[in-house]
Amino acid sequence: MKSLDVDIAVIGAGSAGLGAAIEAKKQGMDVLILERNDELGGITLQCIHNGFGLKIFKEELTGPEYIQRFIDEVKELKIPYKLDTMVIEITEDKEIYAVNKKEGLLKIKAKAIILAMGCREKTRGAINIPGFRPAGVYTAGQAQRFVNIEGYLPGKTYVILGSGDIGMIMARRLTWLGCEVKAVVEIKSYVSGLIRNQVQCLEDYNIPLILNHTITKIHGKDRVEGITISSVDQNWDQIVGSDEYIECDSILLSVGLLPENELTTKAGAELSTNGGPVVDNYLETTIDGIFACGNVLQVHDLVDNVSAEAKRAGENAAIYIKERSNKEQIKKDLIKIVPGINVGYVKPDYVNFSNLENLLHFHLRVKEPDRDVIIVIKEVNKIVYQRVRSFVIPSEMIEIRTKFKSEVISPNCRELKIEVLPVSLLEVIDEVE
Amino acid sequence: MDYDVIIIGGGVTGCCIARTLSRYDLKICLLEKEADIASGTTKGNSGVVHAGYAADRKYKKREFCIRGNKLFDQAYKELNFPFKRIGTLVVALEERQIKDLVYKRNYGTEDGVPGLEIIIDKNRIKQIEPQLTDKAIAVLHAPSGGIISPYEFTFALAENANMNGVEFFREHEVIGINKIVAGFEVKTKPRKFTSRIVINAAGLYSAEISRMAGADTFEIYPRRGEYILFDKNSIHLNKVLFPMPTRLSKGILVSPTIHGHVFIGPNADNILDIEDVSTTIRGLKEILSGGLKLVPNLPLNAAIRNFAGLRAVSNTMDFIIEATEMVGFVNAAGILSPGLTAIFAIAEEVVRILVEDLGEELKEKENYNSYRPKPEHLSDFTKMKLNQKIKENPAWGRIICRCETIPEAEIVNAIHSPVGATTVDGIKFRCRAGMGRCQGGFCKPRVMEILSRELNIPYKEVTKRGKGSHYLINNVLCIELTEDKKESEGVSEK
């Protein structure tokens, strides 16, 4: 068995992995990228629409254009990578076992590991759509691959279940190809993806968005022939008698993404409720020296944000190796970051007390859309941070960047709670106090 | 005559009969209407090898089940299919149900079911199955009950039958059977076959096949059962858990699969359409509520698939294994639960019928080989073995299915094994690529590539499960624009 030693092994060569590898290399680290696909770039390669790069490069690029800049930089920096290489196991001691055709089984001993495996799409089974099980049911990303990479059309007439971003982007893409997208059906009362996609992909092409509805039967034994949709009540239960049949030969599912953390779990790292690993403000998991960034940590809505997070992970992994890897750990002063009212999840899950005065990045998503809210961070009942927002929606990740002055947070603080409250409610609280 | 024996139906019944008869000096073929064997009832059932205490004594299925269960040990040694005797529990939630457990234990033991035991000690129950509800007051433990992968079992039977000379014709739907001198002419869409003996193992279609042959003696009614499958590692069960049975079925069970998933189901829904394998909102709710009664901690967020199968219920409520008045036409029909368990006993009965009722003098072949080697799976390899396998054949180092860690080599082997895979589902059921949590989200295009390459068919003609179930309609560049569109937009075709 071939063995290798590296400073940092990066698992995954999508936007997260490449970004992290580049930063780690710039910090002087000996880096190795492991990618299971046969090329660098990850899912961004199949995202041929525009809208990438506005934050990072201040210009609008397509997915392949965006990621190519990172690929070029990896090559310029001569960062070694292995393609068609699947990691099958990570141990707690940061030993990686991977396989590929040329080298067989590889054992890679790393001082630090950056997890950047991305996410996968929820399937029909995960949301338990009833009916027949014919060909013609695709996840939106799978259809995107068939169309944009393989060059094949899955069908001619489509219904898209779920209004996630890839689903809406595929609705437009398929319309351009001469296909008919009969509807985008969304179980919630609001769209799941970005508002800009709702406008640019659905409204601009007169594709109907049917809210508060779901698919209650898939028809067709061998190939999809149609679907029944029904309206749902607040509990997402079908309202009897509301059925409507729509003829179509294909169904795309855009019903959510899940961080892909099988390897993370195998390594023994804890996961939090969003499906990503529990991390501290260094993006370090509960396993010493294993870091995570990008969609494996939390599903982002903009690739630019993935790149920014990846850069931090690369930098932190390098700092870890330079400063902490050989020392006894002294991370006992963790403050837990707890999602409170109308917060679905927040990353990081912990902040080191000693880092409170450094610039901290918090990312969170709300559970429900709301208007005129105030985002607060509280130590017990004391508000230590607040910011007003006119509109929040689950599809748009909220970023908070802040430093805390040492006198603001008490030395024995163990928990900070983040809440998104209606401004009116806050006024009431103020009065009581 | 083309053949001595034609078997109609490539489910577990047909394949087991084929394999059993392949021991003898007979020329045999098997006709299957679908693109693959194990496509009907065989694929959509619980995969439980029952101990044999359950069926009423008045039915022959009881005796066949008990005998069949015992025959699995030898078959397992010979055929290497996924099978484990993990034991089953029937769970009583109410005092009055204990009486029924006692009845099952006493009669079961009397009829030769080994090791039946009623356990009422709550601590012991918890120890045997920690996931079982605290409301369980007694369980009937049957250590000889087990779990099996019904389709992989069927592939093993078919492969071994094929190794011993049985010819398999898939996509050969039987559309007519004529009595000819000393035999039958069986018509399928592609061609005609003749044989001295026809064995009807057509499952849901067996009544129709029987009528075609003029041996109209029974009816088959479809009874649908729906299932939900949960992701690996989301919950672990030690035992197959049954509630107290209902009049229609053994009830909604919660069981581990041989590959480490957990499933719940089936309900029992008498339906009219013999092809209606759709799942329903009502049915899925029913099995969820049934499953939660036994295991309150079901990982509801970790569901990866729902599916339904149809049981072929005969009007006799029992197996129909008999010679008919059409001499040479034998029925092996109405094989519902515990048919999978009873399958070797059913095949034995067919042999008896051939010898005793039809006067066949069955002579064993000299070169019969009962052994079917175990398909190689990466998951069974040590790290050193894997490294060595990749050196020998690099395709072991290219992982296609990420969720189940299935390399290209396993997929190629599934295609080139006897009676091998020709479809994406065929790959999935043989080597599990696409069976995991992403349900083929990532690997399907690659599996299609491999099928296209190995079978030398165009990429877009690769199907899910045969004719009509294509995934792709066209090349993006060749999209068919309507004539007027072409003209008005001046599009030139590439």
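The structure contained in this document is the topic of the report that follows. Once a new chain begins, its residue numbering starts again from 1 and follows that chain's sequence as written. Each chain takes a letter, starting from A, and each ligand takes a number, starting from 1, following the order in which they are written. In keeping with the model being predicted, local features are shown solely for residues with a pLDDT of at least 70 and side-chain atom pairs are shown and tallied solely at 80 or more, while totals for entire chains, interfaces and linings include all residues.

## Some points on the overall build of chain B
From N to C terminus, chain B includes 13 helices and 23 strands. Overall, the C-alpha framework of chain B stretches about 80 × 60 × 55 Å when taken along its three principal axes. Counting other C-beta atoms within 10 Å of its own, a residue is labelled buried from 20 upward, exposed at 12 or fewer, and partly exposed in the gap between, with every C-beta atom placed from the backbone. Split into buried and exposed, the 494 residues of chain B put 54% on the buried side. Taking contacts inside chain B between residues at least 6 apart in sequence as the whole, the part at least 24 apart equals 71%. Here a strand is any run of E in DSSP of at least two residues, a helix any run of H or I of at least four, and the numbering for each starts at the N terminus. Think of it this way: build a C-beta for each residue from its backbone, and any pair within 7 Å is a contact.

## Some points on the sheet that holds strand S22 (residues 343-347) of chain A
Residue and element names in this part refer to chain A. Spatial strand order, S22-S24-S27: 3 strands in an open sheet with antiparallel pairing. Two strands lie at the open edges of the sheet, namely S22 and strand S27 (398-402), each paired on one side alone. With strand direction ignored, the average angle separating the axes of adjacent strands in the sheet is 25 degrees. When DSSP locates at least two bridges between a pair of strands, those strands are taken to pair. Pairing of strand S24 (residues 360-366) with S27 involves 5 bridges; the strand directions are antiparallel. Its bridge partner being in S27, Leu364 is matched across the sheet by Ile398. Axis definition: a line fitted to C-alpha atoms, limited for helices to the stretch in contact. Angles are taken between N-to-C directions and run from 0 to 180 degrees.

## A few points about the interface of chain B and chain A
With 45 residues of chain B in contact, the opposing surface of chain A contributes 44 residues. Listed by contribution, the elements that provide at least two residues to the side of chain B that touches chain A are helix H7 (281-294), strand S18 (303-314), helix H9 (383-392), helix H12 (444-455) and strand S23 (474-475) of chain B. Split into classes, the residues belonging to the side of chain B that touches chain A amount to 21 nonpolar, 15 polar and 9 charged. The nonpolar class holds Ala, Val, Leu, Ile, Met, Phe, Trp, Tyr, Cys and Pro. Asp, Glu, Lys and Arg form the charged class, and all remaining residues, Gly among them, are polar.

## With respect to unusual backbone geometry
Note the cis peptide between Gly265 of chain B and Pro266 of chain B, where omega equals -5 degrees. Following Ser337 of chain B, the chain continues into Pro338 of chain B via a peptide bond in cis, with omega recorded as 5 degrees. Summarising the element assignment, Pro338 of chain B is placed in the loop between strand S20 (329-333) and helix H8 (339-357). Even without a glycine there, the phi angle at Asp372 of chain A is positive, about 50 degrees. By the C-beta count within 10 Å, which is 12 here, Asp372 of chain A ends up exposed. Not every positive phi belongs to a glycine, and Glu171 of chain B is a case in point at roughly 55 degrees. Along the chain, Glu171 of chain B falls in the loop between strand S9 (167-169) and strand S10 (174-180). When the 16 C-beta atoms within 10 Å are taken as the criterion, Glu171 of chain B is described as partly exposed.

## A few points about H12 of chain B
Across its 12 residues, H12 of chain B extends 16 Å between first and last C-alpha, which sits within 8% of the 16 Å expected from 1.5 Å per residue. Of the residues making up H12 of chain B, those classed as buried are Lys444, Val447, Met448, Ile450 and Leu451 of chain B. With its buried residues spanning 160 degrees around the axis, H12 of chain B presents them on a single face. The elements touched by buried residues of H12 of chain B are helix H3 (140-150) of chain A together with strand S21 (399-401), helix H10 (408-416) and helix H11 (424-431) of chain B. Of the residues one or two after H12 of chain B, Asn456 of chain B is the one with positive phi, at around 55 degrees. Multiplying 1.5 Å by the helix residue count minus one yields the expected span of that helix. The arc in question is the one spanned by the directions pointing from the helix axis to the C-beta atoms.

## Here's the deal with the environment of Gly136 of chain A
All names here are of chain A. Within the fold, Gly136 resides in the loop between strand S9 (119-121) and strand S10 (137-139). As for Gly136 and Glu315, which are separated by 179 residues in sequence, their C-alpha atoms are 44 Å apart. For Gly136, the contacting residues outside a window of four places in its chain are Gly155, Gly220, Arg223, Val224, Asp249, Ser250 and Ile251.

## Things to note about H7 of chain B
Residues and elements named next belong to chain B. An ideal rise of 1.5 Å per residue puts 20 Å on 14 residues; H7 measures up with 21 Å between its terminal C-alpha atoms. Turning to H7, its buried residues number three or more, namely Gly283, Leu284, Ile287, Gly291 and Leu294. Down the axis of H7, the buried side of the element spans an arc of 95 degrees, and every buried residue falls inside it. Away from the buried face of H7 by more than 90 degrees, exposed residues Arg282 and Ser289 are located.

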